[in-house]
Each structure stands twice: as C-alpha cells, then as structure tokens.
Amino acid sequence: MQHVFLLSPETINYPVLIGFLVSSAALAISPGPDNIFVLTQSISNGVKAGLATVAGLVSGCLVHTTLLAFGVSEVIKRSDGLFLGIKLFGAAYLVYLAIKVYRSDASILLDKEKQPSQGPFKLFKTGFAMNVLNPKVTIFFLAFFPGFLFSETLGTVMQFYILGLLFMLVAFIIFGTIAVLAGSISTYLMRHPKAGISLKWVQIVVFLGIAIYLLLSDK
C-alpha cells in the first residue's frame, strides 16, 4: 500500500517527469562529442562496437548522478538560499551553453577514417572513461537535475537517482538507435548538410527552455 501511495499522482508530479524526459531526449539527439563518437565507431567497426561504446557512456552517468544526489541533497536540507543559488547557477550555465552553441559551427563533421579496431569491453571502458572523467558532465547534471525534482514525499536522493536512471535510459535508447542506424544516419547527413543547422537550433531552444523553467520553478 505504501508503494502505491508513493507512486500516486498526488505525490508525484508527472508533468515534471515528462518534461524531464522530453528535454533529455532532445539533448541526446542533438549532436555532441558522445553521440558523434558512437556514430563514427559504429560506421567504422560495426553495430556491436557502437553499442559497447553506448553502454560505457551511459554507465558513466551513474557516477555523476551519485555525486549529485548526495552532494546537492544535503544542500537542499540545509538551506533554501543555497538551493536557490544552485538553480540560478544552473540557469546561467544553460544560457551560456545556448550562446556557445549559437556561436559554433552548425556543420556535423564525421571522421571518415576507419577507427582502430577494439574489442567491446575496451570500447565500454573507453566510453565509461570519456563520461566519468569529463567534469562538464557533472556541471551539466548540477545545472539540469535540481529543477526537475518531482515529489514532496520522496527523498531527494531517491529522486536524483530516479532522474539519473531515466536520463540513462533515454540516452541508451537514442544512442543505441544511432549505433544501429549509423550507416543510414551518415548517408542522410552527407546528403543534407544543412541538417546540422536544425539540430543546432534544437539545442539552443532546449537549453534556453530549461533555463527559463529553472528560473520559474519552485523548490
């Protein structure tokens, strides 16, 4: 009975979770170092190589989620002012990312040189290290997740882990699709060089939209 209560609409803000899923999907689709790396590995060495890379990249998110969950949850308990500061920082960082994308080249460059052949486990470790050792991922999680806390009854640590797992699931589905359809995606991008412009604006709109949401959302 307790679990039914915890999952009821009265205790969980499902529109917030849906907004989080949509934002996560839009960000995963937008071109970046991770999905471009998956794409090039899949083109060069096959779907299995791409999926191994995806598994590593997504697994690394669990480390960032853990750091966020136990660090920020304590801040939330101690001070409303500090948590407000985190959300303001998050909004400012997302605006910065939007400006950075706006100023960047919209073209999507794929490395056509064949990548060195590596076993699935080595590619998993490469993807995991790429994610875990990138401090920008931690900063992004810090900017992105706090505004999507979705329950007044669930503990904040649990909420951050749920958000982290949902983010990982969405990323795995989209990155995995990129790995499976790498050949078709590569052909499409070569035939439609302006596709990068549309994806660039998707990133900008998503970053700004999340920043505005953070500024307007309550604790």
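As the structure is a prediction and not an experimental result, all values here were calculated from the model. (Residues numbered from 1 in each chain as written. Predicted model: local features only at pLDDT ≥ 70, side-chain atom pairs only at ≥ 80, totals over all residues. Heavy atoms only, no water.)

Draft legend 1. Expanded view of the packing of aromatic side chains. Enumeration according to the criterion identifies 17 aromatic pairs in this entry. Seen from their ring centres, Phe 70 and Tyr 161 are 6.2 Å apart, and the 75 degrees between their planes marks the pair as edge-to-face. Separated by 91 residues along the polypeptide, Phe 70 in helix H4 (residues 47–78) and Tyr 161 in helix H8 (residues 156–180) bring together distant segments of the chain. By relative accessible area, which is 23% here, Tyr 161 ends up partly exposed. On the basis of an interplanar angle of 20 degrees and a centroid distance of 4.6 Å, the ring pair of Phe 141 and Phe 145 is categorised as stacked. The buried category is assigned to Phe 141, whose relative accessible area is 2%. Phe 145 gets classed as buried once you look at its relative accessible area, which sits at 0%. Chaining the aromatic ring pairs together yields one cluster made of Phe 20, Phe 140, Phe 141, Phe 144, Phe 145, Phe 148, Phe 167, Phe 207 and Tyr 213. Positioned over the ring face of Tyr 102 is Lys 200, at 5.8 Å from the centre of the ring. (Phe/Tyr/Trp six-rings, centres within 6.5 Å; stacked < 30°, edge-to-face > 60°. Helix = DSSP H or I, 4+ residues; strand = E, 2+ residues; numbered from the N terminus. Buried < 20%, exposed > 50% of the residue type's maximum accessible area, 1.4 Å probe, protein only. Lys NZ or Arg CZ within 6 Å of the ring centre and 35° of its normal.)

Draft legend 2. Seen up close, the confidence of the model for the protein chain. When pLDDT is averaged along the protein chain, the result is 87; 90% of the residues meet or exceed 70. The secondary-structure element of the protein chain with the lowest mean pLDDT is helix H1 (residues 2–6), recorded at 47, while H8 shows the highest, at 96. For residues 1–5, every residue scores under 50 in pLDDT, and the model assigns this stretch one contact once sequence neighbours within four places are set aside. (pLDDT = per-residue confidence, 0-100. Contact = heavy atoms within 4.5 Å.)

Draft legend 3. Representation of helix H7 (residues 135–144). All buried positions along H7 are accounted for by Val 137, Phe 140, Phe 141, Ala 143 and Phe 144. End-on view of H7: buried residues confined to an arc of 160 degrees, all on one side of the axis. In this fold, the buried residues of H7 make contact with helix H2 (14–29), H4, helix H5 (80–103), helix H6 (120–132), H8 and helix H10 (195–216). For H7, the side-chain oxygen to backbone nitrogen distance between the N-cap and Lys 136 is 3.0 Å, and the N-cap itself is Asn 134. (Arc of directions from axis to C-beta. Polar contact = N/O pair within 3.5 Å; in protein donor to acceptor, adjacent residues only side chain to side chain.)

Draft legend 4. Seen up close, the side chain of Asn 131. Among the secondary structure elements, Asn 131 is positioned in helix H6. At 3.0 Å, the side chain of Asn 131 and the backbone oxygen of Leu 57 are in polar contact. With sequence-adjacent residues up to four places away left out, Asn 131 is seen in contact with Leu 57, Gly 60, Cys 61, His 64 and Val 137.

Draft legend 5. Spotlight on the layout of surface pockets. Quantified by volume, the largest pocket comes out at close to 1100 Å³. Residue lining of the largest pocket: 39 residues in total, with Pro 31, Gly 32, Pro 33, Gln 203 and Phe 207 positioned closest to the centre. Looking at the lining of the largest pocket, the elements with two or more residues in it are H2, helix H3 (33–45), H4, H5, H6, H7, H8 and H10. Grouping the amino acids of the lining of the largest pocket by side-chain chemistry returns 24 nonpolar, 10 polar and five charged. (1 Å grid on protein atoms, 1.4 Å probe; cavity = no way out; pocket = protein on both sides within 12 Å on 5 of 7 lines; lining within 4 Å. Points joined across faces, edges and corners; volume = space filled by probe spheres on them. Nonpolar A, V, L, I, M, F, W, Y, C, P; charged D, E, K, R; others polar.)

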